[in-house]
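In case you want the letters, here they are:
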Amino acid sequence: MVADALTPAVIHVPHETQWGAGEGSVAPLLSAPQFPVVIVGAGACGLTAALMLQGLGVPSLLLERDDHPQGSSALSSGFVPAAGTLCQERQGIVDSQAQFIQDIVHKNHDQSPLHLVQAYVQAVPQAIDALETEHGVPWRVLDHFLYPGHSVHRMHAVPETSGEGLMARLMHAAQVAQDQVTILTSARVTQLYLDPDQRVVGLGYVRPDGSHEWVRAQAVLLASNGFGGNADLVAQHLPAMKHAVYAGHAGNDGSAVLWGQALGVKLLDMGAYQGHGSWQPELGLLMSWALMGQGGIQINQQGVRFHDESQGYSEASVGCWPNRAHALGACLTPLCLSWVWGFRSSNKRRHWAA
Ligand SMILES: Cc1cc2nc3c(=O)[nH]c(=O)nc-3n(C[C@H](O)[C@H](O)[C@H](O)COP(=O)(O)OP(=O)(O)OC[C@H]3O[C@@H](n4cnc5c(N)ncnc54)[C@H](O)[C@@H]3O)c2cc1C
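Keep in mind the model is a prediction, meaning the values are calculated, not measured.

As a further point, take the overall build of the chain. Scanning the chain from N- to C-terminus turns up 13 helices and 14 strands. Expressed as a percentage of the 354 residues in the chain, the buried residues total 34%.

Right, here's the structure in full:
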């Protein structure tokens, strides 16, 4: 494959003191602005990181390829599982990090590295609480259904109960914090510049008109999400899903994975993914799996129930593909249907009614 301007690349540069020594590709960095932290991607991850850094007094620059930050975050349901938050306490929900860890390990049959599970479970309530107390993100725990594998109500959502709503609130918080949080949109990062100690010291990005710009960084955080939007990487790492419809954001093109490979880092857990067995391709929307928790079942066009819905939606996504040829449907009891009307946002209700 011939590398073009948009192919993620790593450029090795000499020590900063030698940048002026005539290295052509490095010269633009010399006059580039510098930020303590540069974050690639302004989805929920990047925005949350920027807001947490702001709380520590560290300015950051977010580089986002789209003209309006959305990412998979805006496409998602926007539900964030967390144990031991102020919000749970307010709603009288008794939970613990140990219980959450146990639930995760049990749900995935002990397949996940424990240190990563622990790191997530410990970090997320801090972020949820800080977003609420320092940045005004109003959480509530959804306490009318349990997600597969969760023994306690711990899905946190903003009042809109949507990823779009979550992104709007994070963007608002970032705007309020604009003295420390700078967002540059329509800036697709394509190059990482590394010094001889393998530290990323700069980034190159491309504008929609094809022009190139550069920025220097003391630290870089890759928040560009996964590789679901890169068909080649999906076929390579997730062969069972290579023909599945990708319902995430096109910008999740595996840039970070490709940079990692260029750096020679070891890739782990590349076969792990989230699938949605209730994605409705015809409507282009997600039917909440909460529905199955209320007794909904899935049938194919022959009216045959083809899997055990209680296993969860990722498990269902594998079972659904062979049945797609027969058109997938959901069978709802009247109770279920009235419940789902109450659950969906008005915008999505219109889709349901269509
Ligand atoms: C239909 C659906 C429902 C979901 N529901 C849930 C849920 O309820 N709860 C949950 O926890 N998870 C859910 N998920 C998963 C969740 O959406 C993601 O895990 C989460 O949004 C990832 O956030 P992020 O900020 O890392 O990535 P994103 O939101 O995808 O943001 C990454 C950003 O990086 C930008 N970017 C990428 N490459 C570059 C580059 N080279 N230069 C500049 N910018 C770049 C992209 O444009 C994008 O804006 C769901 C996913 C889908 C598709």
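Right, let's talk about the environment of His172 for a bit. Considering the arrangement of structural elements, one finds His172 in helix α7 (residues 163-176). For the pair formed by His172 and Gly136, sequence separation is 36 residues and the distance between their alpha carbons is 9.5 Å.

On the basis of which strands lie adjacent, the open sheet formed by 3 strands has the order β4-β6-β5 and antiparallel pairing. Where the open sheet ends on each side, the last strands, each with one partner, are β4 (80-81) and β5 (140-141).

With mixed pairing, 7 strands are arranged side by side in an open sheet as β1-β8-β9-β10-β2-β3-β7. Sheet topology places β1 (9-12) and β7 (181-184) at the edges, where each strand pairs with a single neighbour. Strand-to-strand, the axes of this sheet are offset by a mean angle of 40°, without reference to chain direction. Strand direction decides the pairing type here: strand β3 (residues 60-63) and β7, joined by 4 bridges, are parallel. If you follow Leu61 over to β7, its bridge partner there is Thr182. Sheet strands in contact with helix α9 (residues 255-263) are β1, β8 (188-194) and β10 (212-222), and its direction is about 40° off that of β1.

Glancing now at the site of the ligand. What surrounds the ligand is a group of 36 residues, the closest being Gly41, Gly43, Gly71, Ser76 and Gly251. Looking at the shell around the ligand, its residues break down into 13 nonpolar, 19 polar and 4 charged.

The next subject is the nonpolar core. Counting 58 residues, the largest nonpolar core has Val38, Ala50, Leu51, Leu63, Ala174, Leu203 and Ala217 as its most contacted members. Looking at which element gives the most residues to this core, the answer is helix α2 (residues 44-55), with 6 residues. Both domains that meet at this core, namely domain 1 (9-72 + 174-263) and domain 2 (79-157), each give it at least three residues. Apart from the residues lying within four places of it in its own chain, the contact partners of Leu63 are Val38, Val40, Leu184, Ala187, Val189, Leu203 and Tyr205. Within the second largest apolar cluster, 7 residues are counted, among which are Trp289, Leu291, Tyr313 and Ala316.

Two elements in contact, helix α5 (residues 97-107) and helix α6 (residues 114-135), have axes separated by 10 Å at closest approach and are oriented at 135°. Taken together, the axes of α5 and α6 lie oblique to each other. Note on packing geometry: the crossing formed by α5 with α6 is right-handed. Across the interface between the two elements, Gln97, Phe100, Ile101, Ile104 and Val105 from α5 touch Val117, Gln118, Val121 and Gln122 from α6. Each residue belonging to the contact of α5 with α6 can be placed in one class, and the counts come to 6 nonpolar, 3 polar and no charged.

On to the pairing of strand β2 (residues 34-40), then. Strand direction decides the pairing type here: β2 and β10, joined by 6 bridges, are parallel. The residue bridging Ile39 from the neighbouring strand is Leu221, located in β10. By the bridge criterion, 4 bridges tie β2 to β3 in an arrangement that is parallel. The partner of Val37 across the bridge, within β3, is Ser60. Following the chain from β2 across α2 to the adjacent parallel β3, one finds a crossover that is right-handed.

Residues at a pLDDT of 70 or more form 84% of the chain, whose mean pLDDT is 86. pLDDT under 50 marks residues 331-339. Its contacts with residues more than four places away, or in other chains, come to 11 contacts. Here residues 341-354 scores under 50 on pLDDT; set against residues more than four positions off or in separate chains, the count is 11 contacts.

With that settled, the discussion passes to the packing of α2 against α6. One way to put it is that α2 packs onto α6 with a least axis distance of 11 Å and a crossing angle of 65°. As for the relative orientation of α2 and α6, their crossing is left-handed in sense. When α2 is examined against α6, the residues Thr48, Leu51, Met52 and Gly55 are found in contact with a partner set consisting of Ala127, Ala130, Leu131, Glu134 and His135. Among the residues forming the contact of α2 with α6, the class breakdown is 5 nonpolar, 3 polar and 1 charged.

So, how was this worked out
Residues numbered from 1 in each chain as written. Predicted model: local features only at pLDDT ≥ 70, side-chain atom pairs only at ≥ 80, totals over all residues. Helix = DSSP H or I, 4+ residues; strand = E, 2+ residues; numbered from the N terminus. Buried ≥ 20, exposed ≤ 12 C-beta atoms within 10 Å, placed from the backbone. Pairing = 2+ DSSP bridges. Axes fitted to C-alpha atoms, helices over the stretch in contact; angles between N-to-C directions. Contact = placed C-beta atoms within 7 Å. Near = placed C-beta within 6 Å. Nonpolar A, V, L, I, M, F, W, Y, C, P; charged D, E, K, R; others polar. Core = buried A, V, L, I, M, F, W, Y, C linked by C-beta atoms within 7 Å. Domains from an automatic or database assignment. Parallel < 35°, antiparallel > 145°, perpendicular 65-115°, else oblique. Left-handed = near helix turned anticlockwise from the far one by under 90°. Right-handed = clockwise from strand over helix to strand, strands pointing away. pLDDT = per-residue confidence, 0-100.

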